Number of protein chains: 2
Amino acid sequence: MRMKLVPNLQEQVASHLRLRILSGQLAPGTPFREQVLAEEFGVSRGPIRDALLTLTKEGLLHGRPNVGVRVAAAPSPFKRAVIVNLRREIEGAALARWFQTRDAALLERLDANLAEYQRACAASEFGRVVELDMAFHRLLVESAEDGSLVDVWLPVILRMFLRYSRHRMLVESYQEHAAVVAAMHAGDEAGAIALLRAHIV
Amino acid sequence: MRMKLVPNLQEQVASHLRLRILSGQLAPGTPFREQVLAEEFGVSRGPIRDALLTLTKEGLLHGRPNVGVRVAAAPSPFKRAVIVNLRREIEGAALARWFQTRDAALLERLDANLAEYQRACAASEFGRVVELDMAFHRLLVESAEDGSLVDVWLPVILRMFLRYSRHRMLVESYQEHAAVVAAMHAGDEAGAIALLRAHIV
DNA sequence: CGATTGTTAATTGTCAACAAACCACGTTAA
DNA sequence: TTAACGTGGTTTGTTGACAATTAACAATCG
């Protein structure tokens, strides 16, 4: 069994740019030029193009043919309301499915996530908190049916995290995560799902 | 004012392959080789790669790095159930929003779609029916807020139409579409939304 | 006989050069 | 003055060649 040691260049570039966009440092409309990025990453424009196309399909970039891509604007209130319900549906379904097996491995990973989350909060590592926040929800979605929902879930949550102003409420978000996990430990299915849905805002 | 006469090669290729996959002729797991497609379309591998990446993100193809892409399998019952709810949420929200304006232009387009749908049914033009079925729902989604929901809606419905066995019920599907439009004409918001949600299965 | 290791053919990943499209700017003419 | 029209420079779109990786098969060893 071998883990992939060196992922594709396009994946490395996409991951790097994803974090850069989600950090919220870049204003909507900021252009991403292929040549500039190619020189910055030390690769040719090929992998850059693939990465930009990926991020565009994920909703983080907005592209017009023959013009280029720019950082996408945050979704409108209407669109955001729809997206919130989509996330609730997906993650709620995943959590409901977990209660059919109650696999302990997931609980361990969630506990580890909470511990690291708490540490990052105390250290005020802002970017790390965003990562851990998304990782928490990703663990839930991945637990259901070998992660078959991840591909539909990812574009949804990425659009929500685009210029997400709620990351400031670090402690509050942590407590809500912890409450969900506590309900899972207690075997309270309805309570866990209700807490999770209420947490997604 | 000029319409784009010749869209990008990658878009032409993607559209063509999309229809080929949705037609249901190709069994899940059928490989898509870049070189083969490049020769078939008479272009180089570049645009083909972009098209395959697009279709992969849309859920129609399943790809592994350094190996290639294959026609994706139909979603599992669990995943399909989730996707059904996602479509209901998106299209229901779009329809609810239409009732705030009741723009007549949409009704005209839907009536035209129904007429053409009926004709294609009578002529048993199977592929055309699939197109019109999706076009009907697309019109609904595009009507809300300048089509801002289309990008999240498209990957969802494409996954549902992947090897969709329900297209055989041509007349039944037409009648359900017509019932939704009739409720819209009558100004019955709750009824239209209920009919639409019940139609998505 | 089974498992492991080389070898090879096929396929994807990457690159650099060239072609086509777009945008801003200055010019021209009504 | 203003609108239309070229024009130059910048950026994306496309291409073909080359490198890296994979999977299947053959040979080898325990």
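Residues numbered from 1 in each chain as written. Chains lettered and ligands numbered in written order. Predicted model: local features only at pLDDT ≥ 70, side-chain atom pairs only at ≥ 80, totals over all residues. Heavy atoms only, no water.

A. Summary view of the domain arrangement of chain A. Residues and elements named next belong to chain A. Taken as a whole, chain A is organised into domain 1 (9–71) and domain 2 (77–199). Each partner contributes to the roughly 900 Å² buried at the junction of domain 1 and domain 2, and carbon and sulfur atoms together form 68% of this total. On the domain 1 side of the interface with domain 2, the three residues burying the most area are Leu-22, Glu-58 and Leu-60, jointly 49% of the side's total. At the junction of domain 1 and domain 2, the tally comes to zero salt bridges. The tally of links between domain 1 and domain 2 comes to zero residue pairs in polar contact (both at pLDDT 80 or more). (Domains from an automatic or database assignment. Buried area = accessible area lost by both parts, 1.4 Å probe. Salt bridge = Lys/Arg side-chain N within 4 Å of Asp/Glu carboxyl O. Polar contact = N/O pair within 3.5 Å; in protein donor to acceptor, adjacent residues only side chain to side chain.)

B. Representation of the environment of Ser-124 of chain B within the structure. Residues and elements named next belong to chain B. Along the chain, Ser-124 turns up in the loop between helix H5 (104–122) and helix H6 (126–143). Of the residues examined, Ser-124 reaches a relative accessible area of 56% and is grouped as exposed. Separated by 72 residues in sequence, Ser-124 and Leu-52 place their C-alpha atoms 30 Å apart. (Helix = DSSP H or I, 4+ residues; strand = E, 2+ residues; numbered from the N terminus. Buried < 20%, exposed > 50% of the residue type's maximum accessible area, 1.4 Å probe, protein only.)

C. Quick peek at the interface of chain A and chain B. With 29 residues of chain A in contact, the opposing surface of chain B contributes 29 residues. Surface buried jointly by chain A and chain B totals about 2,600 Å² across both partners, of which 61% is contributed by carbon and sulfur atoms. For chain A, the biggest contributors to the area lost against chain B are Lys-57, Phe-78 and Leu-86 of chain A; these three give 22% of the whole. Between chain A and chain B we count eight salt bridges in total. Of all the secondary structure elements, the ones that give two or more residues to the side of chain A that touches chain B are helix H1 (9–22), helix H3 (45–57), helix H4 (77–101) and helix H7 (150–161) of chain A. Looking at side-chain class alone, the side of chain A that touches chain B contains eleven nonpolar, seven polar and eleven charged residues. (Contact = heavy atoms within 4.5 Å. Nonpolar A, V, L, I, M, F, W, Y, C, P; charged D, E, K, R; others polar.)

D. Looking closely at the protein's contact with DNA strand C. In the vicinity of DNA strand C, 17 residues are found, and the nearest of them are Leu-9, Ser-44 and Arg-64 of chain A together with Arg-45 and Arg-49 of chain B. Restricting the count to atoms of DNA strand C within 4 Å of the protein gives a sugar and phosphate share of 77%. Here a phosphate oxygen of DNA strand C and a side-chain polar atom of Arg-64 of chain A are 3.0 Å apart. (Near = heavy atom within 4 Å.)

E. Seen up close, the relation of the copies chain A and chain B. Rotating chain A by 180 degrees about the axis while translating it 0.0 Å along that axis superimposes it on chain B, leaving an RMSD of 0.1 Å. On this basis, the relationship between the two copies can be described by a two-fold rotation axis. Judged by C-alpha distance, Leu-86 of chain A is the residue of chain A that lies nearest the rotation axis, at 2.9 Å. Both copies present the same face, since 100% of the interface residues in chain A are matched by interface residues at the equivalent positions in chain B. (Least-squares fit on C-alpha atoms with pLDDT ≥ 70 in both.)

F. Summary view of the protein's contact with DNA strand D. Contacts to DNA strand D come from 18 residues, most closely from Arg-45 and Arg-49 of chain A together with Leu-9, Ser-44 and Arg-64 of chain B. When the atoms of DNA strand D within 4 Å of the protein are sorted by group, sugar and phosphate make up 73%. Residue Ser-44 of chain B places a main-chain N or O atom 3.0 Å away from a phosphate oxygen belonging to DNA strand D. With respect to DNA strand D, the side chain of Arg-64 of chain B contributes an N or O atom lying 2.7 Å from a phosphate oxygen. Where the surface near DNA strand D is concerned, the elements lending two or more residues are H3 of chain A together with helix H3 (45–57) of chain B. Tallied by class, the residues present in the surface near DNA strand D amount to seven nonpolar, six polar and five charged.

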